[in-house]
Amino acid sequence: MEKQLIVSVGREYGSGGHEIAEKLSKYYKIQLFDHNLLDAIAAKKNLNMDHLKGLDEKHKNPLSSRTVRGFSSSPEENLLYLQFDYLRDKADSGESFVIVGRCSETILKQYNSLVSIFVLGDRDKKVERIMRLYQMTESQAVRKIREKDMKRRRYHNSFCDRKWGDSRNYDISINSSKLGIDTTVELLTDYIDRRRNRQED
Amino acid sequence: MLAQVFAVIIFIAMFVFIVTEIVERHVVSLICALLTIVLVFGVGMHSMAAVIETINLKSIFVREFWYLSGETSGSSAGINWETILFIFGMMVMVEGMARAGFFRWLCMRIAKLVNYQVIPLFITFMVLATVLAMFIDSITVILFLAAVTIELSQLLKFNPVPMILSEIFCANLGGAATMCGDPPNIIIGTSLGYSFMDFVTNTGVIAGVCLAAVLVYFYLIFRKELRAGASKSVDYSSLPSPESTITDKKGFSVSCAIFAVAIVLLVTHAQTGLTVSTIGCIVAIATLVTSWKYAILLLKKVDYKTLLFFIGLFVVIGGLEQTGILEVMAAFIGKISGGNVMVMIAIIIWLSAIASAFVDNIPFATTMIPIIKSLSAAYGVDLTILAWTLAMGTDIGGSSTPIGASANVVGIATASREGYVIKWGLYCRKMMPATVMVVLISMLMIYFRYL
């Protein structure tokens, strides 16, 4: 049986982290979980969860939620726990996968097969990428990046002890702007393979 | 004046921190209690007597704390140790019952009695939630009912959300029916000297009428949804038999007996003279002695954070009381109502209901008790009428939003963990009309019965 590999990819908006995650999933021929995670949970539980898509990767609002003896009324937090349970089940079953964001570097930390990566980028390169991908003006791209990163930071930091993007929280943090997407992927696969070989030894 | 300013600032800060959940609520209330002692009683009032009166430890060492030979007027000053001891005792008893498998057995027994038919299950679980919540905290009631509801829904193929929402509402309603059903009622009862039967014959009657109305309401709005998914061909053998859910047969019998004794003691406490603090101690000791092997485990499971929250809260409210702020607020309500008791009742019940929908109803009710006492004294209104009004408003109002009551939070979280994430919109659409209806019925019943 193939040795288990779980790759967690945290990313700054515009850094190409998602594309890198896709390429890693293709390279290792393992499943990628991102926005489709909710669909996978819905399929497993035989439920329609389309109405919850707006809550994915959103922080909880303390004013509209309450916690009682560890139980929370926050739909965002409850959705997160559903995702955590699903990912832990997958990891426990020995399955390999790539997971984008969703505090995965923290909740899957106990698994030896986890490789946690954070992809960042230079501001100008990120703006350029967002302008190109979404046909935006520079100011629109700058605003979009600021908003998205703020949301991701608030989401991550409201559920995890370590801060979003803090290099101590990840096995490797890499600036994708320096080498470009493809070379970054090559470097990461090299790192992952060495890690796996080391584990086998 | 300085003491009043400090008291108000601490009180508001406590509410803000409780709502925002930046730190846990028991930490907030204890810090605010400490600030009240230092700033309000120390710096503002220079009064050691106020500190001693608010800490209220002396109350434990008088006979009336344990046994009443006659009528009592109750006391709302400072820490209400009677409430703390009673809740502690009930928590120990409930943990003992849960350990033996009592709640799961009861739910499965009732499900079997109605042959696992969805609509009868829906109705009986609502009634069960109401009856259980009359004696046991609504968190425990919903914790077990919601879990069993989800388990049954997976086999019977129906959507559990309508049933869980109805159970939440009924648990909150059941809590309003008795003195021990909901913390605000315990505080109102012990502070104003009312008995278990006083509540049953007043808020209990109102809750009974309201239950009939909500059974009809929830049936009408949920019947199609429940029937739609219900599977006709079900393999009942995959469900656990009620007997198999009992984890400790001897413990089960003992905990049932202790529960029965607790009910008898509560129903008769006005006649026997035993106070709720004595009853709390009796059931706690009986549970710990009969389950001595698990005594440490049961004691560890007690929700001490809630008890500490109560202690801090009583001190902060004591600060408001000692500085006369609550009398000012009472005078304000009296002025708005123009001394008209009907207007006063309307203000208290709707204000309590609306406030409880968004903030914890325990601090709200604790704050309101001295206010209704002042109103009663100033305008000659029967205090019992205002007490029942306050109890119904605070107990029922919490049902209308996901954050209004502890049972709501537990029910929502339990359903969500299984994939049935309940958002504000869905919750409020179904629960708010029911809340408005029940508050309205309660107000009209108070008008017709007491005025």
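Being a predicted model, the structure only gives us computed values, none of them experimental.

So, about the overall build of chain A. Counting secondary structure elements, chain A contains eight helices and seven strands. Compactness check: chain A gives a C-alpha radius of gyration of 17 Å against a globular reference of 17 Å for 201 residues, within 12% of the reference. Based on the C-alpha atoms only, the size of chain A along its principal axes is roughly 50 × 45 × 30 Å. Long-range pairs, those at least 24 residues apart, make up 69% of the contacts in chain A between residues at least 6 apart in sequence. On chain A, roughly 10,300 Å² of surface is accessible, and the fraction owed to carbon and sulfur atoms is 46%. Taken together, the 37 basic and 31 acidic charged side chains of chain A have centroids lying 5 Å from each other.

In this assembly, 23 residues from chain A lie in contact with 29 residues from chain B. Interface area for chain A against chain B, summed over the two sides, is near 2,300 Å², with a carbon-plus-sulfur share of 59%. The three residues of chain A that bury the most area against chain B are R66, R69 and F71 of chain A, which together make up 31% of that side's buried surface. If you look at where chain A meets chain B, you find three salt bridges. In this structure, the salt-bridge partner of R69 of chain A is D303 of chain B, at a minimum N-O distance of 3.0 Å. At the boundary of chain A and chain B, one finds six residue pairs in polar contact (both at pLDDT 80 or more). Where the side of chain A that touches chain B is concerned, the elements lending two or more residues are β3 (67-68), β4 (71-72) and α3 (75-92) of chain A. Here the residues of the side of chain A that touches chain B sort into eleven nonpolar, seven polar and five charged.

Time to look at the side chain of Q4 of chain A. Residue and element names in this part refer to chain A. Position of Q4 relative to the elements: it lies in the segment before β1 (6-11). Here A91 takes part through its backbone oxygen, which lies 2.9 Å from a polar atom of the side chain of Q4. Separated by 3.0 Å, the side chains of Q4 and S113 make a polar contact.

Before going further, it helps to spend a moment on the pairing of β1 of chain A. All names here are of chain A. With six of its six residues buried, β1 lies for the most part within the structure. With burial as the criterion, each face of β1 is covered, one bearing I6, S8 and G10 and the other bearing V7, V9 and R11. In terms of strand pairing, β1 meets strand β5 (residues 97-100) through four bridges, oriented parallel. Residue V9 lies in a different strand from β5, and its bridge partner there is V100. In this sheet, strand β6 (residues 114-120) lies alongside β1 in parallel orientation, the contact comprising six bridges. Each residue of the ladder has a partner; that of G10, found in β6, is F118.

All names here are of chain A. One open sheet accounts for five strands, arranged β2-β5-β1-β6-β7; its pairing is parallel. Pairing within the sheet leaves two strands with one partner each, and these edge strands are β2 (31-33) and β7 (172-175). Put simply, the sheet's adjacent strands are angled 20° from each other on average, direction ignored. Here β6 runs beside β7; their pairing, made up of four bridges, is parallel. Each residue of the ladder has a partner; that of I117, found in β7, is I172. Taken strand by strand, helix α1 (residues 17-28) contacts β1, β2, β5 and β6, and its axis lies near 165° from that of β1.

Rules of the game
Residues numbered from 1 in each chain as written. Chains lettered and ligands numbered in written order. Predicted model: local features only at pLDDT ≥ 70, side-chain atom pairs only at ≥ 80, totals over all residues. Heavy atoms only, no water. Helix = DSSP H or I, 4+ residues; strand = E, 2+ residues; numbered from the N terminus. Rg over C-alpha atoms; globule rule 2.2 N^0.38 Å. Contact = heavy atoms within 4.5 Å. Areas by Shrake-Rupley, 256 points an atom, 1.4 Å probe, with all protein chains shown as cover. Lys, Arg positive; Asp, Glu negative; His and termini not counted. Charge placed at Lys NZ, Arg CZ, Asp CG, Glu CD. Buried area = accessible area lost by both parts, 1.4 Å probe. Salt bridge = Lys/Arg side-chain N within 4 Å of Asp/Glu carboxyl O. Polar contact = N/O pair within 3.5 Å; in protein donor to acceptor, adjacent residues only side chain to side chain. Nonpolar A, V, L, I, M, F, W, Y, C, P; charged D, E, K, R; others polar. Buried < 20%, exposed > 50% of the residue type's maximum accessible area, 1.4 Å probe, protein only. Pairing = 2+ DSSP bridges. Axes fitted to C-alpha atoms, helices over the stretch in contact; angles between N-to-C directions.

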